[in-house]
Amino acid sequence: MSAPWLDVLDDTIRSCVTHNRPDLAERLREQRARQLDPKLRVLVLGEPRQGKSQLVNALVNASVCAVGDDVTTTVPTFVQHAETPSAALVRTNADTPTERIPVPIDRLAGELRAGRVDRLVRAEVGLPRALLTSGLVLIDTPGVGDPRPARTASTFAALLQADAVLMVSDATAELTASELDLLKRAMASCPNVVVVLTKIDLATRWRHVLERNRGRLARAGVAAKLIPVSAALRLRAARTGDRALNAESGFPELLACVQRDIVAAADVLARRTVAVTAASALRQLVVPVREELTAHGSPVAVARLNEAQRRVDELRRRSARWQAVLADEMADLVSDVEYDLRDRTRRILREVDRVFETADPARGWDAFEEWLEDNLTEAAAANFAWLLDRSRWVAEKVARSFPVHRDDLLPEGVFPPDVLDRVAKLDKPLIERFTVGQKLFTGLRGSYGGVLMLGLVTSLAGMPLINAISLGAGALFGGKTVLDESEQRLRRRQAAARVAAQRHVDDFLLKFGKDFRDAARHIQRSLRTHFSTLADELQETLLESARSARRAVQEDTTARERRTQEAKRELDRLVRLYQRVQALGDERAAPLVLSA
Amino acid sequence: MTLAEEVRLLLEQALAVYRDSPRAAAWLRRHRSRLDEPVRVAVAGASRAGKSTAVSALVGEEFVPTGAWAWYRDGTRARAVVGGHEVPIARRDGRAFVDVGDAERVDVEWPARSLRDVVLVDTPADAPVEQVYGEADAVLYLTRHVGSADLRYLRAAHDHPVARAAPVNTVLVLARADEVGGGRIDALSSARLIARRHRREPQVKPLCQQVVALAGLLAAAARTLRDDEFAALTALAAAARVDLEDHLLSADRFVGEDFPVPLPAAARRALVDRFGIFGVRLTTTLIRQGFGTRVQLTGQLVQRSGLAELREAVGAHFTERRDALKARSALLGLDVVLRNENRPGTAALAAGVERVLASAHDFRELRLLAALQAGRVRLPEEQAAEATRLVGGLGTSPAARLGVERLPGDELRPAVLDALGRWRERAADPASDQGARRAAAVVVRSCEGVLAVS
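Residues numbered from 1 in each chain as written. Chains lettered and ligands numbered in written order. Predicted model: local features only at pLDDT ≥ 70, side-chain atom pairs only at ≥ 80, totals over all residues. Heavy atoms only, no water.

(A) Quick look at the overall build of chain B. Each helix and strand in chain B was counted, giving 21 helices and 11 strands. Here chain B has a C-alpha radius of gyration of 24 Å; the compact-globule value for 454 residues is 22 Å, and the two agree. Dimensions along the principal axes, computed over C-alpha positions, put chain B at roughly 75 × 55 × 45 Å. Counting every position in chain B, which comprises 454 residues, the buried fraction comes to 54%. Nonlocal contacts in chain B, meaning residues at least 24 apart in sequence, comprise 74% of its contacts between residues at least 6 apart. When the accessible area of chain B is evaluated, it comes to approximately 20,400 Å², of which 51% is carbon and sulfur surface. In chain B, 64 positive and 58 negative side-chain charges are present, and the distance between their average locations comes to 2 Å. (Helix = DSSP H or I, 4+ residues; strand = E, 2+ residues; numbered from the N terminus. Rg over C-alpha atoms; globule rule 2.2 N^0.38 Å. Buried < 20%, exposed > 50% of the residue type's maximum accessible area, 1.4 Å probe, protein only. Contact = heavy atoms within 4.5 Å. Areas by Shrake-Rupley, 256 points an atom, 1.4 Å probe, with all protein chains shown as cover. Lys, Arg positive; Asp, Glu negative; His and termini not counted. Charge placed at Lys NZ, Arg CZ, Asp CG, Glu CD.)

Now the structure itself:
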């Protein structure tokens, strides 16, 4: 089924071609391609043990996400449309960015639980489902707030790219303060949130909980819809084909909500974008035609020609300005964001130093490693989010210094995907242990001095070299040497751990710094391309009206009259097309002023 | 001199030093009288974690949650006191109800065998951690599933010099175990597996002595099972499984129309409120399996709900360690006074506290247990398990320490002597490190203690 906006867009592209504006046509074609392949990322978010994976399973009627009685989901699972059921594990490698390992779909849950593949980033599942054909991608995430090395950071990284969020909370208890915090945090990144109340088969008083949750959301000022569901009932209904049970499970309502609020909302968004772009293209087509119509006598035509040439010159002058703004702002941005990243990692390193002043790296290295990893990922995510915010702001600023104002001045999608790959694993420093043999040797070495020293002194008093006093001193000296040695070894271990942490942070800085500078360059390049395309279009429009003005000056009266007729017909056609475009977008585009 | 006597003596000395300060004296007197009480066990946790339900299950009587600090003690007759006045205990839907108003605290005396060795304190959800650990000698911390917020709470509880010197007095309870896995029929065994995993987890291990799973709703209902409920459950179990299956899918269906068993909807609602849909599923299955009498059913439910395990944990870690826990609370209380009011005798008293903490064998045992659990002392796995057992980690009776069910008196001595010999060797073994040798010395002292009482 082709969407109505597609026809209008195609007509507009054809008009651009006939009006000899291939640049406009090209831009519209790009837009068309982008709108035809939409990916709608719906993030399933919540605290552990609330039934997130089971919700995804029940939504697609297949057990693709691992569910269990204990914490099971460890990496995000992306469920999207595919012609045949398929699954893959995606992991990072030291040398290649990511690697996909296909696995049989029925073995995916087992593979994830076994955790045989390390450095997993995500799992991907393809399923032939009507629900997913519109480009919907369901993302099951690890629970937020699990004390074990949960990949909470990966959840928040995924949140940045989400189009909608299903926040899951079970009906056996009301929303807690931490859940409300999480909800607000999610809404800050993605305002399209639906709260799903799961396990209503199990909770006797779920209606009461539902009411209380409504109250809580209202008091917290969160405008999110609440939908009660039961995945157990839905899965059973799917097995037995029981329609009444399916209705009871609450899933039809949830699906309708997903369809209406997420998929349909995305469609509205697509239509609006198309309407804005098409309208702006049409307005540019109309300008030369209309100017040709208004040109009646030669004095007017000459004045118009002068005016058109003046505007072309002015455009050239002013386009130097926005380029300067863009270059300056991007340089500022890079230095600020880089400073921020260094500052964050420096704070982490300080903490590492503080810890290893007292702690022994031989114990608790694993816990430290997790801590460092989590903190670095969090720093990277925060830093990256800031980069995105800033670059959006730069785009706005450049748009302000652009010579003319247009609806589609601000670009979309200049931000590169998937920057947050993890860096290589932290190398465990060489931890030298103080073995018994070494202790014995060190002790003997120390005691030797003691025995000799006091033995010589006491031998003056006529005692033999080896006597009770010299032996005692030997034992004392030996003990002290062993103590000193183990102290020294601890210091060496601590120093080694600090160096390893430092080196890892350096690696991280190098890798992430590169990624982030690439991202910044990518953004700058996209912004430059975007704005220069706009500037070129503008210039082309102005040149076209200058050309038509010149024609008007040169042509004789009869030819001019024929052209006026043609122009009138063409203008009518364009106006009709423009009206169709306007009908697409909900917001009214600026009315087209007709002076003919 | 036993630990209790030493601590009492310290308190007497402190009372002599602080006799001119009414506030300090009253505080110290309160702690002195606390020494004679049974162990105070606070039931703490976030809201809706199942605190009141757990208290009801332990006492064996259903109480309506009050939202205030509720103290349950053994008494000759049932009475409740709010703000110094006795208030009536009413019955509401078969549950005991005390009108607390907006008072902060209610004292309930209730004649029950289960309260003979403990005083239970039901705390409000927002009670500050210092207050909970200050009022109680030991804590049952309830949570639905262990999250970082719970770990933060427990870490805060261990952040005190005396608490560190005489560590751990907490049992972590995974309450509402019946909700695990969407209320499947094997939810409880699954919950027990999760509890076992938490016991081994390095982040949880140092913060509590034991992790148990409890299906509070089921346990409370089992302890207070009524005749009409039992009759209703039997009637349900008598119906064909196929007929009933669809109606046990959800709580809504259970109280819905077209029910195959002649039970009024109100009775069904009451049943599902008391047992939960999981409880109804489990009880009917149990009755079908042949636990057909009330006594059999109650026994099974107490066992399966985890209540038996919880009671054992309270017994082994709290009531049997009564002296150590009481002394610990008293020393904590004394420490507060010594810190806040400086007197000529304060330094001597502080040294006394220090001496008791360092020398009392009970505390040494507790410290060794904590060190073993946190991995600060490394022993080979077998030895660690034996050491944990011998220093009373699984219970302080001689039989529990030796890891046997029950021993005839004449066989006890050889077994202890055998363990003693082995650990003496380890205490003197030059090949092992100092931590291990010290640990072995503590175990030796524990063995000698067993020998002395046997």
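Anyway, onward from the coordinates.
(B) Representation of the overall build of chain A. Of regular secondary structure, chain A possesses 15 helices and 9 strands. The buried share among the 596 residues of chain A stands at 48%. Restricting to contacts in chain A with at least 6 residues of sequence separation, those with at least 24 account for 78%. Total accessible area on chain A is roughly 29,500 Å²; 54% of this is exposed by carbon and sulfur atoms.

(C) Here's a closer look at the domain arrangement of chain A. Its domain assignment divides chain A into domain 1 (38–249) and domain 2 (436–494). In this structure, domain 1 of chain A and domain 2 of chain A have C-alpha centres spaced 65 Å apart. (Domains from an automatic or database assignment.)

(D) Representation of unusual backbone geometry within the structure. All names here are of chain B. Phi at Arg48 is positive, roughly 60°, even though this residue is not glycine. Note on placement: Arg48 falls in the loop between strand S1 (39–45) and helix H3 (51–59). A relative accessible area of 46% means that Arg48 is categorised as partly exposed. Backbone geometry places Arg176, a non-glycine residue, at a positive phi of 55°.

(E) Representation of the interface of chain B and chain A within the structure. Counting residues at the interface gives 34 residues for chain B, matched by 27 residues for chain A. Between chain B and chain A, roughly 2,500 Å² of surface is buried when both sides are summed, and carbon and sulfur atoms account for 45% of that area. A per-residue breakdown of the area chain B buries against chain A is headed by Leu249, Asp252 and Arg253 of chain B, which together make up 19% of the total. Counting across the chain B and chain A interface gives 5 salt bridges. On the surface where chain B and chain A come into contact, there are 10 residue pairs in polar contact (both at pLDDT 80 or more). (Buried area = accessible area lost by both parts, 1.4 Å probe. Salt bridge = Lys/Arg side-chain N within 4 Å of Asp/Glu carboxyl O. Polar contact = N/O pair within 3.5 Å; in protein donor to acceptor, adjacent residues only side chain to side chain.)

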